[in-house]
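So you can see what is in the structure, the chains are spelled out below.
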Amino acid sequence: MSPKTFDEIWPYVDSVYTKLQQELLQAHGTVRVQKYECRLRKSKKSSTTQDTDGKVIKRRHSSIRDAHLCNVRIKVSRPVDGTVVIIERLDEHTHTHDIEESFRIKKPSILRDYIKTEAAKNYSAAQIYHAVRGAGTQEGAEQLGEIGGSSLKR
């Protein structure tokens, strides 16, 4: 697909995937490669540390999720000349869950950016929520569902 199309679509699904590693240059520096995995795969170890009493504590306050709930991994390759974006599956797995489950964990960046824009206008949480929901119209609810916001709460 074209880079423009990819850049338009990716903000709708970026919350489904998390980066596996930093971007790599391959093929003698002519291709930029980024690998992603499903957010529910959670192959990275949780950040924990031990305090002086030997008690294990988390460094960040985050919810604990089971690891390896979904095994989907993808590779996004972009030639340096910027002519095309290639998306490949790294394995034969399909998502073992509804994509809405990923949206409950993290909202797509297009939705987060819209909410930030509305919050910059000094609107209350209720006003932002109703603006995002399309002021109760059917079209607004459908658009919100399309971008992963059907589980949005104030």
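Right, let's walk through the structure included here. Just so you know, these numbers come straight off a predicted model, no measurement behind them.

So, the side chain of Asp 91
With respect to the helices and strands, Asp 91 occurs in the loop between β7 (86-89) and α2 (99-105). Given the relative accessible area of 15%, Asp 91 is considered buried. A distance of 3.2 Å separates a polar atom in the side chain of Asp 91 from a polar atom in the side chain of Arg 73. Aside from chain neighbours lying at most four places away, what touches Asp 91 is Asn 71, Val 72 and Arg 73.

Overview of unusual backbone geometry
In the Ramachandran plot, Asn 122 falls in the positive-phi region, its phi being about 60° despite a non-glycine side chain. With respect to the helices, strands and loops of the structure, Asn 122 is situated in the loop between α3 (109-119) and α4 (125-132).

Quick notes on a nonpolar patch on the surface
A contiguous nonpolar surface patch, about 260 Å² in accessible area, is contributed by Met 1, Ile 9 and Ile 87. Mapped onto the secondary structure, Ile 87 falls in strand β7. We classify Ile 87 as partly exposed; its relative accessible area is 41%.

Observations concerning the packing of aromatic side chains
Under the defined criterion, the tally for this structure stands at 3 aromatic pairs. Where Trp 10 meets Tyr 17, the ring centres are 6.0 Å apart and the plane angle is 15°; that geometry is what we call stacked. Judged by relative accessible area, which is 17%, Trp 10 ranks as buried. Consider the rings of Trp 10 and Tyr 36, whose centres lie 5.0 Å apart with planes at 50°: the pair is tilted. Of this pair, Trp 10 sits in helix α1 (residues 3-13) while Tyr 36 sits in strand β3 (residues 31-38), and the two are 26 residues apart along the sequence.

A closer look at the environment of Val 31
By the element assignment, Val 31 lies in strand β3. C-alpha separation for the pair Val 31 and Arg 78, spaced 47 residues apart in sequence, amounts to 5.6 Å. The contact partners of Val 31, leaving out residues within four places of it in the chain, are Leu 24, Leu 25, Gln 26, Ser 77, Arg 78, Pro 79 and Val 80.

Topic: the nonpolar core
Counting residues in each nonpolar core, the largest one holds 13 residues, and the members touching the most others are Trp 10, Tyr 17, Tyr 36, Ile 74 and Val 76. When contributions to this core are tallied by element, the ones reaching two or more residues are α1, β3 and β6 (73-79). If near-sequence neighbours (up to four positions away) are discounted, Val 76 is found in contact with Phe 6, Arg 32, Val 33, Gln 34, Tyr 36, Val 85, Ile 86 and Ile 87.

A word on the pairing of β3
Two strands pair when backbone bridges link them, and strand β1 (residues 17-19) and β3 are joined in this way by 3 bridges, in the antiparallel orientation. Paired with Tyr 17 across the two strands is Cys 38, which belongs to β3. Of the pairings in the sheet, the one linking strand β2 (residues 24-26) to β3 comprises 3 bridges and is antiparallel in character. Bridging across to β3, Gln 26 finds its partner in Val 31.

What to know about the packing of α3 against α4
Across the interface, α3 lies against α4 with an axial gap of 10 Å and an inter-helix angle of 135°. The pairing of α3 with α4 is recorded here as oblique in orientation. For the crossing formed where α3 meets α4, the hand is right-handed. Contact residues: α3 offers Leu 111, Tyr 114, Ile 115, Glu 118 and Ala 119, while α4 offers Ile 128, Ala 131 and Val 132. Residues of the contact of α3 with α4, tallied by class, amount to 7 nonpolar, no polar and 1 charged.

Conventions used here
- Residues numbered from 1 in each chain as written.
- Predicted model: local features only at pLDDT ≥ 70, side-chain atom pairs only at ≥ 80, totals over all residues.
- Heavy atoms only, no water.
- Helix = DSSP H or I, 4+ residues; strand = E, 2+ residues; numbered from the N terminus.
- Buried < 20%, exposed > 50% of the residue type's maximum accessible area, 1.4 Å probe, protein only.
- Polar contact = N/O pair within 3.5 Å; in protein donor to acceptor, adjacent residues only side chain to side chain.
- Contact = heavy atoms within 4.5 Å.
- Patch = residues over 30% accessible without salt bridge, like charges linked within 9 Å, V, L, I, M, F, W, Y side chains within 5 Å.
- Areas by Shrake-Rupley, 256 points an atom, 1.4 Å probe, with all protein chains shown as cover.
- Salt bridge = Lys/Arg side-chain N within 4 Å of Asp/Glu carboxyl O.
- Phe/Tyr/Trp six-rings, centres within 6.5 Å; stacked < 30°, edge-to-face > 60°.
- Core = buried A, V, L, I, M, F, W, Y, C linked by side-chain atoms within 4.5 Å.
- Pairing = 2+ DSSP bridges.
- Axes fitted to C-alpha atoms, helices over the stretch in contact; angles between N-to-C directions.
- Parallel < 35°, antiparallel > 145°, perpendicular 65-115°, else oblique.
- Left-handed = near helix turned anticlockwise from the far one by under 90°.
- Nonpolar A, V, L, I, M, F, W, Y, C, P; charged D, E, K, R; others polar.

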